[in-house]
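These are the residues of each chain, in order.
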Amino acid sequence: MAAAADRGIGGAGQRGLASYTYTSAKWSVEHEYLRNVLLNASATARQASFSQTGGQQYGIAFGAGATWLINHNLRLSLTYDLSNVRNEHLPAGIVAGDYTRSLTLLTLRIGM
């Protein structure tokens, strides 16, 4: 189990927005279900305050996954991530707006 918190200042990547202050917190847990099957889950919360516009951006994300260690050289992973981002008082044409993203990945890793 792990937890992390972060606070800092960043430069906005979009034109028309100045720097921002961000705060984020993440919690994650991993469990060895069987000797060759690993399970994991995570939750993240983020908040950004833009200094020029006074706007805010909020985001939450949840993730879950399983990894099957087939042998020393092969591993198969299935992961699912759900992210939700909301904006308040940010100029309409400058940011992408509110969005929800759902992402599922099936990954085969081959090591030599």
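The rules behind the values
Chains are numbered independently. Their residues run from 1 in the order of the written sequence. It should be noted that, the model being predicted, local features are given only for residues of pLDDT at least 70 and side-chain atom pairs only at 80 or more, the latter also being counted only at that level, while totals for whole chains, interfaces and linings use all residues. Neither water nor hydrogens contribute to the side-chain values; these are computed over all heavy atoms in the structure. Being paired, for any two strands, means DSSP has found at least two bridges between them. In this text, helices come from DSSP runs of H or I with a minimum length of four residues, and strands from runs of E with a minimum of two, each type numbered from the N-terminal end. Lines are fitted to the C-alpha atoms to define the axes, a helix being fitted only along its stretch in contact, and any angle between axes, read from their N-to-C directions, falls within 0 to 180 degrees. Of the grid points, spaced at 1 Å and generated over the protein atoms alone, those admitting a 1.4 Å probe that cannot get out make up cavities, while open sets with protein on both sides within 12 Å along at least five of seven lines make up pockets; any residue with an atom within 4 Å of a point is treated as lining. Grid points are joined across faces, edges and corners, and a volume is the space filled by probe spheres set on the points. Under the scheme applied, nonpolar residues are Ala, Val, Leu, Ile, Met, Phe, Trp, Tyr, Cys and Pro; charged residues are Asp, Glu, Lys and Arg; polar residues are all the others, including Gly. Like-charged residues within 9 Å of one another, or nonpolar side chains (Val, Leu, Ile, Met, Phe, Trp, Tyr) within 5 Å, are grouped into patches, provided each residue has over 30% relative accessible area and no salt bridge. For every accessible area listed, the method is Shrake-Rupley and the probe measures 1.4 Å; residues are considered covered only by the protein chains on display. Counted as salt bridges are all cases of a side-chain nitrogen of Lys or Arg within 4 Å of a carboxyl oxygen of Asp or Glu. In summary, the pairing rule links any two rings of Phe, Tyr or Trp, Trp by its six-membered ring, whose centres are within 6.5 Å, and it sorts them by plane angle into stacked for under 30 degrees, edge-to-face for over 60 and tilted for everything else. Residue exposure (1.4 Å probe, protein chains only): buried if accessible area is under 20% of the type maximum, exposed if over 50%, otherwise partly exposed. Two residues qualify as a contact provided that any one of their heavy atoms is within 4.5 Å of a heavy atom in the partner residue.

A. Inspection of the sheet that holds strand S3 (residues 37–50) at higher detail. The 6 strands are arranged S1-S2-S3-S4-S5-S6 in an open sheet whose pairing can be described as antiparallel. Two strands lie at the open edges of the sheet, namely strand S1 (2–10) and strand S6 (99–110), each paired on one side alone. When the angles between neighbouring strand axes are averaged without regard to direction, this sheet yields 15°. Across 13 bridges, S3 lies against strand S4 (residues 56–69) in antiparallel orientation. The partner of serine 42 across the bridge, within S4, is glycine 63.

B. Looking closely at the layout of surface pockets. Quantified by volume, the largest pocket comes out at close to 540 Å³. Taken together, 27 residues make up the lining of the largest pocket; nearest its centre are Asn40, Ser42, Ala64, Thr79 and Asp81. Those elements that place two or more of their residues in the lining of the largest pocket are strand S2 (20–34), S3, S4, strand S5 (74–88) and S6. Its residues placed into classes, the lining of the largest pocket shows 10 nonpolar, 10 polar and 7 charged.

C. Molecular detail of a nonpolar patch on the surface. Together, Trp68, Ile70, Leu108, Ile110 and Met112 make up an exposed nonpolar region whose accessible area comes to about 610 Å². By the secondary structure assignment, isoleucine 110 is in strand S6.

D. Highlighting the packing of aromatic side chains. Going through the model one piece at a time under the given rule, you end up with 2 aromatic pairs. Residues tyrosine 20 and tyrosine 22 carry aromatic rings whose centres are separated by 6.1 Å and whose planes lie at 55° to one another, so their mutual orientation is tilted. Taking the centre distance of 5.5 Å and the plane angle of 45° together, the rings of tyrosine 20 and phenylalanine 50 count as tilted. One end of the pair, tyrosine 20, is in strand S2; the other, phenylalanine 50, is in strand S3, and 30 residues separate them in sequence. Residue tyrosine 20 is classed as partly exposed on the basis of its relative accessible area, which comes to 22%.

E. Structural view of the environment of glycine 55. Locating glycine 55 in the fold gives a position in the loop between S3 and S4. Take glycine 55: its relative accessible area is 0%, and that puts it in the buried class. As for glycine 55 and glutamate 88, which are separated by 33 residues in sequence, their C-alpha atoms are 5.6 Å apart. Not counting residues up to four positions away in its chain, the partners in contact with glycine 55 are Ala48, Ser49, Phe50, Glu88, His89 and Leu90.

Everything listed here is a matter of coordinates, which is why it stays silent on function.
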